[in-house]
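Given next are the chains, with one letter for each unit.
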Amino acid sequence: MAAIGSLVFCTDCGNLLPVSKGNVKNILHCECCGAENRDTASKTTITESKPSDFPSLLRQKLSIVQSVERHKVQTEAVVNETCEKCGRTEVRYSAVQLRSADEGSTIFYTCDCGHKWNTNN
């Protein structure tokens, strides 16, 4: 009997045998030729592959790795908004969706003087 993955075939006629019970002692009967076959589908088959086994144009383009330090990423934009503390008219802001999707986002403002405030859209 031959097994491919969990499929078990009769060694006499090659017919696909009934579903395996996962037990080595289980005898599978071929409905075509009547031969008795031992169940070998319960054996574990492990395969390994490397990325080079599946060449891809996309993988070749991504061969250059770019590393970014989290603290150096600029996530805020600049907007013309007046700071309540120092009167500066240009402050940084970022928008975050803190509430449910059908409600507006929360805008966090940060001034260079250190003053921070937020508004709900």
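Everything below is about the structure shown above.
Below is a short write-up of the structure. (Residues numbered from 1 in each chain as written. Predicted model: local features only at pLDDT ≥ 70, side-chain atom pairs only at ≥ 80, totals over all residues. Heavy atoms only, no water.)

**Some details on the overall build of the chain**
Okay, so step 1: Across its full length, the chain carries one helix and eight strands.
Okay, so step 2: In sequence order, the secondary structure elements of the chain are arranged as β-β-β-β-α-β-β-β-β.
Okay, so step 3: Taking all 121 residues of the chain together, the buried fraction comes to 18%.
Okay, so step 4: Here the analysis covers contacts within the chain between residues at least 6 apart in sequence; of these, 19% occur between residues at least 24 apart.
Okay, so step 5: Carbon and sulfur atoms form 51% of the exposed surface of the chain, whose accessible area is close to 9800 Å². (Helix = DSSP H or I, 4+ residues; strand = E, 2+ residues; numbered from the N terminus. Buried < 20%, exposed > 50% of the residue type's maximum accessible area, 1.4 Å probe, protein only. Contact = heavy atoms within 4.5 Å. Areas by Shrake-Rupley, 256 points an atom, 1.4 Å probe, with all protein chains shown as cover.)

**Examining the packing of aromatic side chains**
Okay, so step 1: Throughout the structure, instances matching the rule amount to two aromatic pairs.
Okay, so step 2: Between Tyr 93 and Tyr 109, the aromatic rings sit 6.4 Å apart at their centres with planes inclined by 40°, giving tilted as the arrangement. Taken together, the positions of Tyr 93 in strand β6 (residues 90–96) and Tyr 109 in strand β7 (residues 106–110) put the pair 16 residues apart, joining distant regions of the chain.
Okay, so step 3: Taking relative accessible area as the criterion, Tyr 109 reaches 11% and is therefore assigned buried.
Okay, so step 4: Measuring from ring centre to ring centre gives 5.2 Å for Tyr 109 and Trp 117, while their planes differ by 20°; the resulting arrangement is stacked.
Okay, so step 5: Among the aromatic residues, those joined into a cluster by ring pairs are Tyr 93, Tyr 109 and Trp 117. (Phe/Tyr/Trp six-rings, centres within 6.5 Å; stacked < 30°, edge-to-face > 60°.)

**Some details on the sheet that holds strand β5 (residues 77–80)**
Okay, so step 1: If you trace the four strands from one edge of the open sheet to the other, you get β5-β6-β7-β8, paired in antiparallel fashion. Where the open sheet ends on each side, the last strands, each with one partner, are β5 and β8 (116–120). For this sheet the average axis-to-axis angle between neighbouring strands, irrespective of direction, equals 35°.
Okay, so step 2: Looking at chain direction, β5 and β6 are connected through four bridges and run antiparallel. (Pairing = 2+ DSSP bridges. Axes fitted to C-alpha atoms, helices over the stretch in contact; angles between N-to-C directions.)

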